[in-house]
Amino acid sequence: MSASAWIMLLAVLTAFMFRLLPIATSKLRFMRDTQSPFYRFLNYSSQAMLGVLCFELVFGKSSLGQVTAEFGWLQAVSLVLLLIAFLATCKSGKVALPFLTCSLIYVGAASVVL
């Protein structure tokens, strides 16, 4: 198994733990303290996993070097939509609506280009 696969597996496991642990351990003090190192570790892990998933969804298995070498109109639209989705998610606190909206815009842009 490659290093990136191990990192992805760790990210998925910690994101799953982050979603499950508050339910299972809601009475424990360290899970109610959002400034505790354990809580922050789980939070950052789930955010990193979401970032990796977004990059892989948009650019596939391409490395950053390949993306910059083959940079075109569709990649520019992809980056702008990722930024818009990020900002909308930060402002609204909701993930689904910005993700679905930007996905539909991307599909429309990709069908025009292809």
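Before any of the text, the structure's been laid out above.
Presented here is a report on the structure given in the accompanying data block. (Residues numbered from 1 in each chain as written. Predicted model: local features only at pLDDT ≥ 70, side-chain atom pairs only at ≥ 80, totals over all residues. Heavy atoms only, no water.)

### Description of the overall build of the protein
Inclusion rule: Secondary structure elements are taken from DSSP: a helix is a run of H or I of four residues or more, a strand is a run of E of two residues or more, and numbering for both begins at the N terminus. Partly exposed describes any residue whose relative accessible area lies between the buried limit of under 20% and the exposed limit of over 50%, with all areas from a 1.4 Å probe on protein chains only and scaled to the type maximum. Throughout, the Shrake-Rupley method with a 1.4 Å probe supplies accessible areas, and for residues the shown protein chains are the sole cover considered.
When helices and strands are counted, the protein shows six helices and zero strands. Taken from the N to the C terminus, the helices and strands of the protein come in the order α-α-α-α-α-α. Out of the 114 residues in the protein, the part that is buried amounts to 21%. For the protein, the accessible surface area stands at approximately 8,400 Å², while carbon and sulfur atoms represent 73% of it.

### Details of the packing of helix α3 (residues 37-59) against helix α5 (residues 73-92)
Note the following rule: Axis definition: a line fit to C-alpha positions, over the contact stretch in the case of helices; interaxial angles, taken between N-to-C directions, run 0 to 180 degrees. Just so you know how the angles are binned, under 35 degrees is roughly parallel, over 145 roughly antiparallel, 65 to 115 roughly perpendicular, and the rest oblique. Crossings are classed by handedness, with left-handed meaning an anticlockwise turn of the near helix from the far one by less than a right angle and right-handed meaning a clockwise turn. The contact criterion used is simple: two residues touch if any of their non-hydrogen atoms lie within 4.5 Å. Polarity classes work like this: nonpolar for Ala, Val, Leu, Ile, Met, Phe, Trp, Tyr, Cys and Pro, charged for Asp, Glu, Lys and Arg, and polar for all others, with Gly in that last group.
Where α3 meets α5, the closest approach of the two axes is 11 Å, and the angle between their N-to-C directions is 155°. In terms of axis orientation, α3 runs roughly antiparallel to α5. For the pair α3 and α5, the crossing hand works out as right-handed. On α5, the residues touching C54, V58 and F59 of α3 are Q75, S78, L79 and L82. Classifying every residue of the contact of α3 with α5 by side-chain character gives five nonpolar, two polar and no charged.

### Some remarks on the nonpolar core
Using the following cut-off: Take the buried Ala, Val, Leu, Ile, Met, Phe, Trp, Tyr and Cys residues and link them wherever side-chain atoms come within 4.5 Å; each set so joined is a nonpolar core.
Core analysis: the biggest nonpolar cluster contains five residues, these being V77, L81, A85, C102 and A109. Of all the elements in the fold, those that place two or more residues in this core are α5 and α6 (96-113). Per element, the largest residue contribution to this core is three residues, and it comes from α5.

### As for α5
Turn by turn, an α-helix covers 3.6 residues, leaving residues three or four places apart pointing in a common direction. Spelled out, the test is: Given a helix with a known number of residues, its expected span is that number minus one, times 1.5 Å. Working definition: the arc comes from the directions between the helix axis and the C-beta atoms, pointing outward to the latter.
When the terminal C-alpha atoms of α5 are compared, their 28 Å separation across 20 residues agrees well with the 28 Å that a helix rising 1.5 Å per residue should span. Burial in α5 covers these residues: L74, V77, S78, L81 and A85. The arc that holds every buried residue of α5, seen down its axis, measures 100°, which confines them to one face. Exposed and oriented more than 90 degrees from the buried face of α5 are F86, C90 and K91. G93 sits one or two residues past α5 and shows a positive phi near 80°.

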